[in-house]
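# Chains, contacts and geometry: an overview
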Amino acid sequence: MNTTTPAAAPTPATVTVIGLGNLGQALARSFVDQGHKVTVWNRSQGKADELVALGATLAPTPTAAVEASELVVVCVLDYTTVRALLTPVGGALAGRVVVNLTSGTPDPARELGIWVTEQGAAYVDGAVYAIPQTIGTPEAFVLYSGDAEAFAAHRPLLEPLGSPVFVGADAGLAPVHDVALLSGMYGMFAGFFQTVAVGRSAGIEAAQVTELLVRWLKEALGALPAFAAEIDARDYRTETSNIDINAVGLANILTATRAQGVGVDLLQPLHELFQRQLAEGHGSESMARAIESLR
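Read on for a plain summary of the structure. These numbers come from a predicted model, not from an experiment. Residues take numbers from 1 onward in each chain, read along the sequence in its written order. At least 70 in pLDDT is required for a residue's local features to be given in this predicted model, at least 80 for side-chain atom pairs to be given and counted, and no such filter applies to totals for whole chains, interfaces and linings, which use all residues. To get the side-chain values, take all heavy atoms of the structure and skip hydrogens and water.

On to the nonpolar core. Buried Ala, Val, Leu, Ile, Met, Phe, Trp, Tyr and Cys residues that are joined via side-chain atoms within 4.5 Å together make up what is termed a nonpolar core. Only protein chains enter the accessibility calculation, which uses a 1.4 Å probe. A residue is then buried if its area is under 20% of the maximum for its type, exposed if over 50%, and partly exposed in between. Counting 30 residues, the largest nonpolar core has Phe31, Val40, Leu71, Val73, Val99, Leu101 and Tyr144 as the members making the most contacts within it. Per the convention used, a helix needs a DSSP run of H or I reaching at least four residues, while a strand needs a run of E reaching at least two, with both numbered from the N terminus. Where this core is concerned, the elements lending two or more residues are strand 1 (14–18), helix 1 (22–33), strand 2 (37–41), strand 4 (71–74), strand 5 (97–100), strand 6 (122–129), strand 7 (141–146) and helix 6 (148–158). Among the elements that make up this core, the one with the highest residue count is helix 1 (5 residues). Dropping the residues within four chain positions of it, Val99 is found in contact with Leu71, Val72, Val73, Val74, Val124 and Tyr144. Counting residues in each nonpolar core, the second largest holds 23 residues, with Trp41, Ala65, Val76 and Val98 among its members. Working rule for contacts: check all heavy atoms of both residues, and any pair within 4.5 Å makes them a contact.

Now for empty space enclosed by the protein. Lining residues are those with an atom within 4 Å of a point, where the points come from a 1 Å grid over the protein atoms alone and group into cavities, where a 1.4 Å probe fits but cannot get out, or pockets, open sets with protein on both sides within 12 Å along at least five of seven lines. Grid points are joined across faces, edges and corners, and a volume is the space filled by probe spheres set on the points. Here the structure, examined in full by the defined rule, presents 1 cavity of 30 Å³ or more. The calculated volume of the largest cavity comes to roughly 30 Å³. Taken together, Tyr79, Thr102, Ser103, Gly104, Asp125, Gly126, Ala127, Ala174, Pro175 and Asp178 make up the lining of the largest cavity.

Sheet faces and side chains relate simply in a regular strand, where the side chains alternate between the two faces. Here 4 bridges tie strand 7 to strand 8 (residues 163–166), and the two strands are oriented parallel to one another. If you follow Val142 over to strand 8, its bridge partner there is Pro164. When DSSP finds two or more bridges between two strands, those strands count as paired.

Moving on, we get to the layout of surface pockets. What the largest pocket holds in volume is close to 2,100 Å³. Together, 41 residues line the largest pocket, and Gly187, Met188, Leu217, Leu224 and Leu270 are the ones closest to its centre. Contributions of two or more residues to the lining of the largest pocket are made by helix 7 (173–201), helix 8 (206–220), helix 9 (224–233), helix 10 (243–259) and helix 11 (268–279). The leading source of residues in the lining of the largest pocket is helix 7, at 10 residues. Taken together, the residues that form the lining of the largest pocket break down as 29 nonpolar, 11 polar and 1 charged. By volume, the second largest pocket is sized at about 290 Å³. Gly19, Gly21, Cys75, Val76 and Leu77 are, among the 19 residues lining the second largest pocket, the residues nearest its centre. Of all elements in the fold, only helix 1 and helix 4 (79–86) reach the threshold of two or more residues within the lining of the second largest pocket. Ranked by the residues each element gives to the lining of the second largest pocket, the list is headed by helix 1, at 3 residues. Its residues assigned to classes, the lining of the second largest pocket shows 8 nonpolar, 9 polar and 2 charged. Just so you know the grouping, Ala, Val, Leu, Ile, Met, Phe, Trp, Tyr, Cys and Pro go in nonpolar, Asp, Glu, Lys and Arg go in charged, and all remaining residues, Gly too, go in polar.

On to a nonpolar patch on the surface. Together, Tyr186, Met188, Phe189, Phe193, Trp216, Leu217 and Leu266 make up a nonpolar patch on the protein surface, roughly 750 Å² of accessible area in all. Elements that contribute at least two residues to the nonpolar patch include exactly helix 7 and helix 8. Among the elements that make up the nonpolar patch, the one with the highest residue count is helix 7 (4 residues). Mapped onto the elements of the fold, Met188 is located in helix 7. Here, patches come from residues exposed beyond 30% relative accessible area and free of salt bridges, joined within 9 Å for like charges and within 5 Å for nonpolar side chains (Val, Leu, Ile, Met, Phe, Trp, Tyr). Residue exposure ignores everything except the shown protein chains as possible cover, and the areas themselves are Shrake-Rupley values with a 1.4 Å probe. For this document, the term salt bridge refers to a Lys or Arg side-chain nitrogen within 4 Å of an Asp or Glu carboxyl oxygen.

Moving on, we come to unusual backbone geometry. Even without being a glycine, Arg234 presents a positive backbone phi close to 50°. Along the chain, the position of Arg234 falls in the loop between helix 9 and helix 10. The exposed category is assigned to Arg234, whose relative accessible area is 53%.

The packing of two helices is summarised by the inter-axis angle and the distance between the axes. To define axes, lines are fitted to C-alpha atoms, for helices over the stretch in contact only, and angles between the resulting N-to-C directions are given on a 0 to 180 degree scale. Running from N to C, helix 4 and helix 5 (residues 106–118) point in directions that differ by 15°, and their axes come no closer than 10 Å. When the axes of helix 4 and helix 5 are compared, the pair comes out roughly parallel. Considering the relative orientation of helix 4 and helix 5, their crossing is left-handed. Residues Tyr79, Val82, Arg83 and Leu86 of helix 4 form the contact with helix 5, whose participating residues are Pro108, Ala109, Glu111, Leu112 and Trp115. Of the residues assigned to the contact of helix 4 with helix 5, the class counts are 7 nonpolar, no polar and 2 charged. Convention used here: angles under 35 degrees read as roughly parallel, angles over 145 as roughly antiparallel, angles from 65 to 115 as roughly perpendicular, and any remaining angle as oblique. Two helices cross in a left-handed way if the nearer one is turned anticlockwise from the farther one by less than a right angle. They cross in a right-handed way if the turn is clockwise.

Spelled out as structure tokens, the structure:
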């Protein structure tokens with residue numbers, strides 16, 4: 001017999017979503033689906049039509065949008081736009097919680113957090129890891145930082161958007177994590193582009209080499225937690241994949257890549273890090289030690 005108690009649905013609340021791009025619409029739709037009283041605002045009001053048909057209320061002005069709810073979720077182009085929208089309505093923010101899910105960088109997040117706090121509101125910054133179609137699914141997760149008390153109070157409301165992870169009281173920490181994680185993503189894309197370019201230089205179709213790459217990367221990902229432990233401990237002793245071995249291997253890859261008539265702009269910087277570590281006498285240590293040349 002299944003004795004698991006079903007999770008309680010969040011208590012219906014008032015939520016405002018400012019910004020109805022693809023992500024903003026998905027966020028607002030999720031709140032509507034949860035049964036909350038949702039108010040929306042967007043410069044182009046036509047983007048609210050579908051949400052209004054589902055039960056949301058279109059606010060005529062940003063001020064009306066802010067005044068309608070205790071929780072104000074902002075998801076627009078950039079932090080400059082956030083400030084431009086909120087500055088004229090600063091007086092209406094008092095006593096509310098602003099959750100900013102706009103993509104940005106750490107310092108503007110901290111500055112915005114200070115300003116929102118000065119208006120008498122609580123500020124939580126966030127970074128969404130989902131495409132709009134996966135908002136509210138197990139694949140989605142959202143990093144939050146800023147006012148811990150405000151986050152905890154509204155966590156039940158935010159949780160259905162994607163698994164919430166609170167990373168600290170410094171409002172800039174969610175964007176720091178975002179920059180870090182997206183750097184890894186773009187590094188992966190860079191490796192993918194290099195793979196396809198080399199493959200195509202020999203007449204190998206992108207789809208064919210990509211199938212093999214995905215299979216290999218799933219195995220290679222297993223090395224990352226061990227590298228992370230070495231980096232945190234700053235202990236790079238190893239009996240296996242040291243910098244000597246990897247510097248030679250990568251040099252061979254660069255030579256072969258050039259011979260295929262393909263550029264090495266995406267891989268050369270990593271080889272330069274290896275070379276710096278070799279010059280400092282760290283050839284017998286783990287490849288992970290290359291990060292010391294970035295500190």
